[in-house]
Each structure stands twice: as C-alpha cells, then as structure tokens.
Amino acid sequence: MAVTIPVGFHALPVPIVQLSLAAVLKCGQSFRWSIYPLPQASIPSSELPTHEYRLCLRDRIICLRQSTDSLFYRSMFPDQHVCSTQATLREAETLSWLKDYFQLDIDLVKLYDEWSERDNVFKNLRSRFSGIRILRQDPWENLVSFICSSNNNIARITKMVHALCRHYSPPLLSLRPPMTEGASADSDPITYHPFPPPSALASSEVAATLRGLGFGYRADFIQRTARMLVDMPDSQPITGQQHAAERWLLLLRNKPTAIAREELLKFVGVGRKVADCILLMSLDKKEVVPIDTHVYQIAVKHYGLHVVTKSKTKATMTPKLYEEVSGKLFDIWGDYAGWAHSVLFTADLKSFSAYGLPSTTAEGDGIDHALSTPTMSSSSSPSKRKRRGTLHSPKELAGIVVDIDTVSHVIDESNDETNMADRIKRRRRTVTKA
DNA sequence: CATCGACCTATG
DNA sequence: ATAGGTCGAT
C-alpha cells in the first residue's frame, strides 16, 4: 500500500517497536516537548499519525509525527526562505540530530529480547510497552530539569520547565498548532523558546524570580548550580561561543560513570537519584538504574525485595539501600539496565492512560495490571545467573530480606561493597562459564 | 555512618 | 499524604 507522507515532512523508516513517541516523549525524560492532537480521518487507520510533537532546539523547531513504520520530521526556522543549499544543509542537520537524540543505532527490539530472557517480569510487559527507549538529551537541560524533579510530579515539572524557557530565553518564532479538524478559526500561534544557557540563570536575582514562577525551594538550587557552572575555570566564555559552560558538562560523557557521578553530586540540588538520571539520560551511562520511590516500589512489588526498617512506617532511601536496589536491578538487566528501568518505570506511570496510550484498560496501573502474579525470571533460565544464599528459607542480608522461595534475584551478601566494576566482572565470569 | 525535619506547591 | 529528593544538623 502507498505510504502517505504529511505535506512538508520527510520520512525516516523507523518501526514503532523501535521508538514510540507517544510513550517516550511523555514519560518524564524530557519535559519540553509540546504535543498536539491531529484531526483523524473518518475511517480510523492505525497507519496515520495521531499527534504532532514539537521541540524548540536552539535555532529551529523540530516537528515530528509517527505512523506504525515511519518517523516523519520537519524543521522550522525564523527565516524559512533561504537558498536551497542552505535548506538542504538544515535538513541534514535535523536528521543527524534525530538519529543522535533517539539513539536510532541502538536496536531496541534486540534489547527487549535480551531483557525478556533475563527477566520474566519484563517478558510479560514487553508487548504492552514497546518502543520505550532512553533519549540522548542535552546535559545542561537535563540537569536543570531534574533539579526540578525532586519531590515533584511530571505535570508540574513540565510547567516549570516551560516557564523557565518562556522567561529566560527570547522567543525563536511563533507557529500555529497543526491544523485542527474543525477548520474553524485557526488557533492562536504558539511562541517557542529554546532552553536558556547557564549564563542566563546564574545571577543572584534569578532565584527570587524563579520562586515567583512557582519553583519553590528548587529556585535557589537552579540559580546556584548555574552560577557554579559559569564560574568553572574550564568554562569561561570563548569568543563566538556564548554557552561555553555547557561544554564542561558534555565532557563528562567521556569520563567513567563513577567520576562523572562524583562531579554531578557537587552541584546543589543534585543528590544520588538526580545524578543517576543525568548519567543515564544525557551522559551515555546506559547501565545506571536511578532509584526513586517509584522504582523502589516496583522492586518491592515485582522483584520481591523487602526491607527491614526500624521505623514501621516507611523505608527511607539510605545510600546503602539505594546501592543495593540499584545494583540488584543492574544484575537482573545487565549492561543496558538503565534502559530497561525506563520501560518498567513508564509502564507503571499511572498518568499514562490519561495520555491516550494503548497501554492499559481503564486506569489500572500498568505493571500491576499486566502482572497480577509476579513470576521470577531465572526459574526459567537458572544457568544465566548464579544463585546465592540458602534455599527454602528467608534470608536476611544487610538489612534486606529476600524470600528465596519466591525470589530468584538475591542480593550478594559476600561484601558490603557493591560497585559496578565488581558487578561487571562478576557478570563476565558467569557469562563466560555459561 | 544512619536518621530526621524542613523545604515549595499542587493534587488525591 | 504524596509527587521520579536533597540539604544540613544531630
């Protein structure tokens, strides 16, 4: 059958199982994409895009649509009428940005296969939550966005980030939203702003302004972090480059995970969880599994992790507990554990059904609905991972109790140190043996 | 070191 | 009380 390309768009062959825009752009990785519903044909067809997604990226607006097997893209500029060679160059830039941002060289289906083999919990979810991958974001935007994320929800983080851009970076251009079916009066144009550079947020009065914009206590963190970055010796403005401070963050991509994390933790408002999000989402540390209350709940519910705490009410996320939960999930999922984590996290987002995704029926939360009876993985593939601990009886391990009758993923009790290098070595051994 | 209270604000 | 926590003081 004929493939229809929306007017003005280019087509890139990307199966929806490799990338689901509807899931990825709204699951709390980037908070800056705008989403517009498209008019639907009288005969509904799954082949036709249902939404358009837009992002203001420095000098241009990226517009995306998606069908089952194609990604459609176009870019809009303030000066739309330029010579054809210039236009061609711009399209090439946009295309290469897309490949980088969505990391299209990574075969997500292959990863889903590997995770399914390692983990039955994942296996039972994969069909409902396909196409969920980690974006390769800009580190500076990622840093600021996730400083906003503490004690916060996606809806409000999104509002805050948009307010930040509106207030601290000049408008690039205004566009009408995609044509709506009513064809009645066109909607008002929307003004798009790029993400502001560190220098725009570094002065001390910014904190008060951000508070006024509803940032709460995060306002000071953002301003002080921007200040720190601008003041770094290595990030003094270079001629012609206004945002040289951002380069410093980008350099962390070349450093080992532990070093990069150490650097990130120096910024105010950046604790372990936020640092790990940045490592995973913009610094290429694909193995990092950030642990928030949400992911922790998933680990407890579906991976049989129990914690013994003195306070009867709730387990506080101590550094030790964080390490163990994160490490355990890494052991389950392997080198791309951070990517796997995002699938589970997205699957469990309650707000998901509100975005019209074909995920769950009614408002059942994703994972619970898909997995009323958790089944553990290595029961089906015991050779993949070595069991530790005594069978047939619950065992207490450094504050964590794992019931071995129902759980196959056991925390290593051999030492207190659970660094990634050790885990990788250990995994190499077990893999080469098998 | 683990633990605790404070911190902004908007929802259930 | 909780939302994808972090900071500073015991």
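The structure we're discussing is the one just above.
Note that the coordinates shown come from a computational prediction; the quantities given were computed from them, not determined experimentally. (Residues numbered from 1 in each chain as written. Chains lettered and ligands numbered in written order. Predicted model: local features only at pLDDT ≥ 70, side-chain atom pairs only at ≥ 80, totals over all residues. Heavy atoms only, no water.)

### Structural notes on the overall build of chain A
Stage number 1. In terms of helices and strands, chain A carries 17 helices and 10 strands.
Stage number 2. The burial tally for chain A puts 49% of its 434 residues in the buried class.
Stage number 3. Partitioning the intrachain contacts of chain A with sequence separation of at least 6 by distance along the chain shows that 67% fall at a separation of at least 24.
Stage number 4. Summed over its atoms, the accessible surface of chain A is roughly 20800 Å², and 55% of this surface lies on carbon and sulfur atoms. (Helix = DSSP H or I, 4+ residues; strand = E, 2+ residues; numbered from the N terminus. Buried < 20%, exposed > 50% of the residue type's maximum accessible area, 1.4 Å probe, protein only. Contact = heavy atoms within 4.5 Å. Areas by Shrake-Rupley, 256 points an atom, 1.4 Å probe, with all protein chains shown as cover.)

### Describing the protein's contact with DNA strand C
Stage number 1. Close contacts around DNA strand C come from 25 residues, with Gly28, Asn151, Val274, Cys277 and Phe345 the closest.
Stage number 2. The separation between a base nitrogen of DNA strand C and a polar side-chain atom of Asn151 is 2.6 Å.
Stage number 3. One of the backbone nitrogen or oxygen atoms of Val274 is found 2.8 Å away from a phosphate oxygen of DNA strand C.
Stage number 4. Residue assignment for the surface near DNA strand C shows that the elements contributing at least two residues are α12 (272-282) and α13 (293-302).
Stage number 5. Per element, the largest residue contribution to the surface near DNA strand C is five residues, and it comes from α12.
Stage number 6. By residue class, the composition of the surface near DNA strand C is 12 nonpolar, 10 polar and three charged. (Near = heavy atom within 4 Å. Polar contact = N/O pair within 3.5 Å; in protein donor to acceptor, adjacent residues only side chain to side chain. Nonpolar A, V, L, I, M, F, W, Y, C, P; charged D, E, K, R; others polar.)

### Some details on the nonpolar core
Stage number 1. One finds Trp115, Trp140, Leu249, Leu264, Leu329, Trp333 and Leu344 to be the most contacted residues of the largest nonpolar core, which totals 79 residues.
Stage number 2. Apart from residues no more than four positions distant in its own chain, Trp115 is found in contact with Leu108, Phe122, Trp333, Tyr336, Trp339, Ala340 and Val343.
Stage number 3. Of all hydrophobic cores here, the second largest spans 19 residues; its members include Leu55, Ile62, Leu71 and Trp97. (Core = buried A, V, L, I, M, F, W, Y, C linked by side-chain atoms within 4.5 Å.)

### Side note on the protein's contact with DNA strand B
Stage number 1. The environment of DNA strand B is made up of Asn151, Arg156, Arg211, Gly216, Tyr217, Arg218, Thr318 and Lys320.
Stage number 2. For DNA strand B, the fraction of protein-proximal atoms (within 4 Å) that sit in sugar or phosphate groups is 55%.
Stage number 3. In this structure, Arg211 approaches DNA strand B through a side-chain N or O atom, which is 2.4 Å from a phosphate oxygen.
Stage number 4. Looking at the surface near DNA strand B, its residues break down into one nonpolar, three polar and four charged.

### Section: the pairing of strand β5 (residues 71-76)
Stage number 1. Among the six residues in β5, five count as buried, and that is most of the element.
Stage number 2. Pairing of strand β1 (residues 10-12) with β5, which is carried by three bridges, proceeds in the antiparallel orientation. Looking at β5, one finds that His10 is bridged to Tyr73.
Stage number 3. Both strand β4 (residues 60-66) and β5 contribute to a ladder of six bridges, which runs antiparallel. (Pairing = 2+ DSSP bridges.)

### Structural notes on the sheet that holds β4
Stage number 1. Reading across from one edge, β1-β5-β4-β3-β2 is the order of the five strands in this open sheet, with antiparallel pairing throughout. Sheet topology places β1 and β2 (34-37) at the edges, where each strand pairs with a single neighbour. Ignoring strand direction, the axes of neighbouring strands in this sheet form an average angle of 25°.
Stage number 2. Across the sheet, helix α2 (residues 84-101) lies against β1, β3 (51-57), β4 and β5, angled at about 60° from β4, the strand it touches most. (Axes fitted to C-alpha atoms, helices over the stretch in contact; angles between N-to-C directions.)

### Here we look at the packing of helix α14 (residues 319-333) against helix α15 (residues 337-347)
Stage number 1. Contact geometry for α14 and α15: axes closest at 9 Å, N-to-C directions at 100°. Relative to α15, α14 is oriented roughly perpendicular. Contact residues: Leu329, Phe330 and Trp333 in α14; Ala337, Ala340, His341 and Leu344 in α15.
Stage number 2. Residue composition of the contact of α14 with α15, grouped by class: six nonpolar, one polar and no charged. (Parallel < 35°, antiparallel > 145°, perpendicular 65-115°, else oblique.)

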